[in-house]
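Now for the letters of each chain:
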2 protein chains.
Amino acid sequence: MADRIIKVGLLGLGTVGGGVARLLLEQRDLLTQRLGARLELARAVDLDAKLAAELDLPAGVFSTDAGAVLDDPAIDIVVELIGGLKPAKDFALRAIGNGKHVATANKALLANHGAEIFAAARHKRVGVAFEASVAGGIPLIKALREGLAANRVTRVLGILNGTCNYILSRMTSEGAEFGAVLKDAQKLGYAEADPTFDVEGIDTAHKLAIVAALVSGQHPRLSDIPTQGISQLTPLDIQLAREFGYRIKLLALCRQQDGLCEARVHPALVPQSHLMASVEGPFNAVHLTGDWVDEVMLYGRGAGRRPTASAVAADLMDLARDILCGCGGRVPGLGVAGDGGQPLELAPLERVSCQYYFRFTAQDQPGVLAAISRVLGEHRISIEAVIQKGRQDQGAVPIVMLTHEAREADVQKALAVIDHLPVIAEPTMLIRKA
Amino acid sequence: MADRIIKVGLLGLGTVGGGVARLLLEQRDLLTQRLGARLELARAVDLDAKLAAELDLPAGVFSTDAGAVLDDPAIDIVVELIGGLKPAKDFALRAIGNGKHVATANKALLANHGAEIFAAARHKRVGVAFEASVAGGIPLIKALREGLAANRVTRVLGILNGTCNYILSRMTSEGAEFGAVLKDAQKLGYAEADPTFDVEGIDTAHKLAIVAALVSGQHPRLSDIPTQGISQLTPLDIQLAREFGYRIKLLALCRQQDGLCEARVHPALVPQSHLMASVEGPFNAVHLTGDWVDEVMLYGRGAGRRPTASAVAADLMDLARDILCGCGGRVPGLGVAGDGGQPLELAPLERVSCQYYFRFTAQDQPGVLAAISRVLGEHRISIEAVIQKGRQDQGAVPIVMLTHEAREADVQKALAVIDHLPVIAEPTMLIRKA
């Protein structure tokens, strides 16, 4: 069987694509030994010919023509690593249409067009693998889709963006401002020149869309996922949260209960004793709760050339095993037979219930605490703990509260009232508890 | 396809077997939806008929005759959950011989007879799945065999025995003695009436044998794994280790480097900042290092009816997908095509190099530290840190050292000399660093 060759065509030779090319060359013997067949890098395509030279590709492998991969009948598996929606979507559908299996790390593609791509793959009985699309090297998709296949997953907490976690870790350890740490992260290569996609939570929302789809068996609409990033967080909030016993992490949250599914991305309080609070720097982690398995946490590198290439290559091994068995698409896209169907209806944010951290900025005068508390009480929000700090420079003081579980709709109404009180100097900072 | 039925025969209705039976009944619709076929509990066998009544099995499912599962041509998958070597081994081989796929949680069976069982399965082209054999509900086997299939795994650190971790956690948080906590653990059901198997590291060694086989692609001999448990640990060592910045955990360690493979079970110092140090109570965790993925950690419940049933059921889903595709044994036992072959040669303990914690118990008199240090120096062991405590009741004092990396062979020779010095009152306590 080791004579059998599975031909891989690679689209995109950037950070991840270059990593996959090198992995297939450097780990060739190991992969052959495990697979009992050869996984051959038959063709690698990029518009930039310099990349091919840097990667030391074997003669004849490099091409600038995507068609040389997509339309060559000899190619068994297409690896889409160009990212973005265009032309990635067309390429993926063309590969599938030509009966090829596809591996991709493209979370934007799957978050936006997963239903269409999986349906096409089902129709052609080919596999679409996407381990590298969420949490980099961590075998999360496999754990969700196969390892926990006997569970209804009731809750997911994910630290899915290394840039944000790196920035928050440094803001926490150094008491530094967001802007200053971001600049440093950019210098060190942990953040892009335009960091919006990462720091505003959009990348995390793409990944959460994929996770929510796997958990529920239906594709959510990306626009239904409430998404808030970390750019508004201050060292003061991080410090005050710590005084209550919490760390602040940018979380992807998904909850499934009583037929309702919630999915949202925002900074969240995580108890210091929870393992997720100890996930530092650029690392990712996902904490899952299943109805049979109880808690599972997976931790590792969520980005980077080598860890992401490891995930893509695991997909290639899976797809190759399917090809050798003659059973393409053995595990369906969402792990559900005949998946797709209706989009997932997510509960709107107003229906969420959780505990809240509020930081009010108030004039330092008598009766302020009473005024705030009264409004909260009128909206069925009860207070678990309060910290009131001494006067700041401008005569305004922070009053910080941790609430008992409350409803988001009530909270939004209460804050609208409170932020119009004459004693309130600035809009209130709200952070939800995980 | 949902009309297709995969028939499961269950051997053993104890804690785990009963859990699997209940899971197959309670999660039936979910499993059917995911699989696109029915996973039917066709027969469940135990010598104790009372168990069947407690589990509320459907009529006609229970039997006291293993042959009703092993020899019935209608049964597709046999789940072996009786544990131990006899008759589990014969049952597994008989099921395989009859062309049935097998799922098992039996670590003792695989650690002792894995090579024979996997060879038989390869010959008959059936699958043997064993996710539940190591780390309970954590999808570790799948991560190692598939998720990290493109990696050479260079290091594994495992907390694989919940009983030991529970006892050590309480010894650490309460400063309590081993014996007292063990008694309490027995009362609470975290430890067996005869705890030897757990607290002496034997259970962990069985699991490590399986992990080392997956990492290397060859089966080790169980007797080649140096194994030491936690019964000799004292609250004093836990306290002193903490002063050096470490927690003590019972670890399964596996290292692969330069063609040498090490596997050993013993209490080990884990830096307090390492995530593994925060794994508390009955939880398990495995920290893996791969040459491409870098670090991955998996965490969850390593035992218990529901988490273990979750792992067995994931195996059943995998085997059922293989059956539906007509590709039995799609992933070979050790994830290596044509695995088996020569047993794995483990490096003997004497060849290990690591850092060491020594607690010497010495007479409180001048020159002791000099005498110890001289012997260590003569054996190429250099000291990183020393703590010398005040005099104890009996006139003996503990002198505690943390060494730089040293060779086990040198360490054993040095301790043999030191423990014969007239100033040394008790045998020296040695704990290796992870």
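These numbers were taken from a predicted model, which means no experiment stands behind them.

What follows covers the sheet that holds strand E2 (residues 38-45) of chain A. Residue and element names in this part refer to chain A. Read across the sheet, 6 strands follow the order E3-E2-E1-E4-E5-E6 without closing on themselves; strand pairing throughout is parallel. Each of the sheet's edge strands pairs with one partner strand only, and the pair in question is strand E3 (62-63) and strand E6 (128-129). Direction of pairing for strand E1 (residues 5-11) relative to strand E4 (residues 77-80): parallel, over a ladder of 4 bridges. Bridge assignment links Leu11 to a residue of E4, and that residue is Glu80. Its contacts with the sheet place helix H1 (residues 15-26) against E1, E2 and E4, and it is angled at close to 145 degrees to E2.

Glancing now at helix H7 (residues 140-147) of chain A. Of all 8 residues that make up H7(A), 8 are buried, and the element is covered over most of its length. Among the residues of H7(A), A:Leu140, A:Ile141, A:Lys142, A:Ala143, A:Leu144, A:Arg145, A:Glu146 and A:Gly147 are the ones counted as buried. Buried residues along H7(A) sit against strand E7 (153-159), helix H11 (202-216), strand E10 (283-290) and strand E11 (294-301) of chain A together with helix H7 (140-147) and helix H13 (305-325) of chain B.

So, about the relation of the copies chain A and chain B. Mapping chain A onto chain B calls for a rotation angle of 180 degrees and an axial translation of 0.0 Å; the resulting RMSD is 0.0 Å. What we have between these two chains is a two-fold relation. Looking at the rotation axis and the C-alpha trace of chain A, the residue lying nearest is A:Leu298, at 2.3 Å. Taken as a fraction of all interface residues of chain A, those also at the interface in chain B reach 100%, which identifies the copy contact as same-surface.

Attention now goes to the sheet that holds strand E1 (residues 5-11) of chain B. Residue and element names in this part refer to chain B. Strand order across the open sheet formed by 6 strands is E3-E2-E1-E4-E5-E6, with parallel pairing between neighbours. Each end of this open sheet is capped by a strand with a single partner; those strands are strand E3 (62-63) and strand E6 (128-129). Pairing geometry for E1 and strand E2 (residues 38-45), over 7 bridges, is parallel. Counterpart to Lys7 in the pairing with E2 is Glu40. Against the sheet, helix H1 (residues 15-26) engages E1, E2 and strand E4 (77-80), with an angle of about 145 degrees to E2.

Next up on the list: the pairing of strand E8 (residues 246-257) of chain B. All names here are of chain B. Counted residue by residue, E8 has 11 buried out of 12 residues, so it is predominantly covered. Here E8 pairs with strand E9 (residues 260-271) via 12 bridges, running antiparallel. Following the sheet pairing, Arg255 is matched in E9 by Glu262. Taking the residues between adjacent antiparallel strands as the criterion, E8 and E9 are bridged by 2 residues, where Asp258 takes a positive phi near 50 degrees.

Rules behind the numbers
- Residues numbered from 1 in each chain as written.
- Chains lettered and ligands numbered in written order.
- Predicted model: local features only at pLDDT ≥ 70, side-chain atom pairs only at ≥ 80, totals over all residues.
- Pairing = 2+ DSSP bridges.
- Helix = DSSP H or I, 4+ residues; strand = E, 2+ residues; numbered from the N terminus.
- Contact = placed C-beta atoms within 7 Å.
- Axes fitted to C-alpha atoms, helices over the stretch in contact; angles between N-to-C directions.
- Buried ≥ 20, exposed ≤ 12 C-beta atoms within 10 Å, placed from the backbone.
- Least-squares fit on C-alpha atoms with pLDDT ≥ 70 in both.

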